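Survey of secondary and tertiary structure
Residues per chain, in single letters:
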Amino acid sequence: MTASVAQPSVLLPGEVAMPLLGFGTWQATGGQGYDAVRQALDAGYRHLDTATMYGNEEEVGRAVRDSGIAREDIFITTKLPPERAGRERATIDASLAALGVEYVDLWLIHWPPREEAGVATWREFLAIRELGLARAVGVSNYSVPQLDALIEATGEAPAVNQVPWSPSLHDAERLAENRRRGVAVEGYSPFKNTKLRHPVLVRVADAHGVSAAQVVLRWHLQHEIVVIPKSVTPERISTNFDIFDFALSPEEMTEIDALGR
Ligand code: NAP
């Protein structure tokens, strides 16, 4: 897929298109992180996932600039560590400065701040979105009751909930409960929670002439669950992006869903 082709996306409130396939950057730091993000952008990824906690916003931002790709063509997510609750404005300002951008596309509360859903932080997030510093705001690692606490307090649902997801963690009810509230589900750690040698994944992969890893990513895509695989290995960075030229059948999707039971 070439960079100029529109990628499958989920539409967040405010007409913000979020590519379903993104590039994870946790544990990709320093020169290795910079190189990985450059390779990902060259391979065609237009969605990058970072966080204050990852300590690589500066490298991610530099890779974006050096890629020569227009800022508005790249979807950038970063996250507020829960211990920074109460210092939201200073934290987003620091992220924007490190990334070298005027706005992020998505800003997430990385985890619920201790012992509560973080209503005060959520109000600050909404205010920062109004200032144009984040095009969309959301959360990560939130349960459905914690989402409800934010919605009840402010009338505004998070645009996204980034949570661990994979065939082995597939939970159709949780997916539906998030979506019923208008919250897009973004899965993280697609491989860390997957046995890539599972016989079902291997059989489906063989049938399509692809790898089990590609099957896992394609399965997310067909569920319209945002997925953000991380790799610092050039070959994996490009094969993880090469999932647009095959499709899983409904039977294969059901069989992979069942790995979550
Ligand atoms: P992941 O993407 O599931 O797995 C990364 C690991 O899989 C790395 O060891 C990588 O190795 C390997 N890998 C990559 N492609 C592969 C392939 N095709 N075949 C076999 N192995 C492959 O794990 P993750 O980094 O935990 O999750 C992805 C992203 O989600 C993170 O980078 C981060 O952006 C986000 N995340 C968010 C949270 C949160 O709390 N919100 C938590 C965890 C992660 P190499 O790098 O050596 O190639």
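One numbering rule holds for all chains: residues counted from 1, following each sequence as written. Only residues with pLDDT of 70 or above have their local features reported here, since the model is predicted, and side-chain atom pairs are shown and tallied only from 80 upward, although totals for entire chains, interfaces and linings are computed over all residues. The side-chain figures draw on all heavy atoms in the structure; neither hydrogens nor water molecules are used.

**Digging into the site of the ligand**
Around the ligand, 25 residues are found, and the nearest of them are Asp49, Ser189, Phe191, Ser231 and Thr233. Whenever a nitrogen or oxygen atom comes within 3.5 Å of another N or O atom, the pair is scored as a polar contact, on the condition that within protein one atom can donate a hydrogen and the other can accept it, and that pairs from neighbouring residues in sequence are kept only if both atoms are in side chains. One nitrogen or oxygen atom from the side chain of Tyr54 is found 3.4 Å from a nitrogen atom belonging to the ligand. Lys230 is positioned such that a nitrogen or oxygen atom in its side chain is 2.9 Å from an oxygen atom of the ligand. If the ligand stood free it would expose 900 Å²; the protein chains cover 85% of that surface. A majority-of-atoms criterion places the ligand in the largest pocket. Here a residue is near a molecule or strand as soon as one of its heavy atoms is found within 4 Å of it. Accessible surface is estimated by sampling points in the Shrake-Rupley manner with a 1.4 Å probe; for residues, cover comes only from the protein chains shown. Of the grid points, spaced at 1 Å and generated over the protein atoms alone, those admitting a 1.4 Å probe that cannot get out make up cavities, while open sets with protein on both sides within 12 Å along at least five of seven lines make up pockets; any residue with an atom within 4 Å of a point is treated as lining. Assignment to a cavity or pocket requires that more than half of a molecule's atoms be within 2 Å of the site's grid points.

**Observations regarding the packing of helix 7 (residues 199-208) against helix 8 (residues 212-222)**
In the contact formed by helix 7 and helix 8, the axes pass within 8 Å of each other and the chain directions differ by 95°. Here helix 7 is positioned roughly perpendicular relative to helix 8, judged by the angle of their axes. Within the contact between the two elements, helix 7 uses Leu201, Val204 and Ala205 and helix 8 uses Ala212, Val215 and Val216. Here the contact of helix 7 with helix 8 is built from residues that sort into 6 nonpolar, no polar and no charged. Between the N-to-C directions of two axes lies an angle of 0 to 180 degrees, each axis being a line fitted to C-alpha atoms and, for a helix, fitted only over the stretch in contact. Helical segments are the DSSP runs of H or I of at least four residues, strand segments are the runs of E of at least two, and each set is numbered from the N terminus. Oblique is the label for any angle not covered by the other classes, which are roughly parallel (under 35 degrees), roughly antiparallel (over 145) and roughly perpendicular (65 to 115). Note on contacts: a residue pair is in contact if any heavy atoms of the two residues lie within 4.5 Å. Here the nonpolar group is Ala, Val, Leu, Ile, Met, Phe, Trp, Tyr, Cys and Pro; Asp, Glu, Lys and Arg are the charged ones; every other residue, Gly included, is treated as polar.

**A few points about the layout of surface pockets**
With a probe scaled to a water molecule rolled over the atoms, the places where space remains empty come into view. Grid points are joined across faces, edges and corners, and a volume is the space filled by probe spheres set on the points. By volume, the largest pocket amounts to about 650 Å³. Ser189, Pro190, Lys192, Pro229 and Lys230 are the residues nearest the centre of the largest pocket, which is lined by 32 residues in total. Of all the elements in the fold, those that place two or more residues in the lining of the largest pocket are helix 8 and helix 9 (234-241). In terms of residue count, the dominant contributor to the lining of the largest pocket is helix 9 (4 residues).

**What about the environment of Asp35?**
In this fold, Asp35 is placed in helix 1 (residues 30-43). Separated by 24 residues in sequence, Asp35 and Glu59 have C-alpha atoms that sit 8.8 Å apart.

**What about the pattern of salt bridges?**
Think of it this way: side chains of opposite charge can pair up when their charged atoms draw near. We count a salt bridge whenever a side-chain nitrogen from Lys or Arg sits within 4 Å of a carboxyl oxygen from Asp or Glu. Across all of its chains, the model carries 11 salt bridges by this definition. Between Asp105 and Arg71 there is a salt bridge; the shortest N-O distance is 3.0 Å. Here Asp105 is found in strand 6 (residues 104-109), whereas its partner Arg71 is found in the loop between helix 2 (57-67) and strand 5 (75-80), with 34 residues between them in sequence. With respect to burial, Asp105 and Arg71 carry one shared label: buried. Linked through salt bridges whose partners overlap, the residues forming this network are Asp148, Glu177, Arg180 and Arg181. Throughout this description, buried means an accessible area under 20% of the type-specific maximum (1.4 Å probe, protein chains only), exposed means over 50%, and partly exposed covers the range between.

**Points about the packing of aromatic side chains**
Here the aromatic set is Phe, Tyr and Trp, taking the six-membered ring for Trp, and pairing holds for ring centres within 6.5 Å; pairs whose planes are under 30 degrees apart are stacked, those over 60 apart are edge-to-face, and all others are tilted. Taken as a whole, this structure holds 6 aromatic pairs when the rule is applied. Ring centres of Tyr45 and Phe241 lie 4.9 Å apart, and the angle between their planes is 45°; this geometry places the pair in the tilted category. Here Tyr45, found in the loop between helix 1 and strand 4 (47-49), pairs with Phe241, found in helix 9; they are 196 residues apart in sequence, far enough to count as distant. On the accessibility criterion, Phe241 (3% relative accessible area) is buried. The interplanar angle of 0° and the centroid separation of 3.8 Å between the aromatic rings of Trp107 and Phe125 together place this pair among those described as stacked. Of this pair, Trp107 sits in strand 6 while Phe125 sits in helix 4 (residues 119-130), and the two are 18 residues apart along the sequence. One aromatic cluster in this structure is built from Phe23, Tyr45, Phe241 and Phe244. We call a charge positioned above a ring when the Lys NZ or Arg CZ atom is no farther than 6 Å from the ring centre and deviates by at most 35 degrees from the ring normal. The ring of Tyr34 has Arg62 sitting right over it, with the charged end atom 4.6 Å from the ring centre. Residue placement shows Arg71 over the ring face of Tyr103; its charged tip is 4.1 Å from the ring centre.

**Focus: helix 8**
Burial of helix 8 is extensive: 10 of the 11 residues sit out of reach of the surface. Three or more residues of helix 8 are buried, namely Ala212, Ala213, Gln214, Val215, Val216, Leu217, Arg218, Trp219, His220 and Leu221. Buried-residue contacts for helix 8 involve helix 7, strand 10 (226-227), helix 9 and helix 10 (250-257). Count one or two residues on from helix 8 and you reach Glu224, which has phi positive near 60°.

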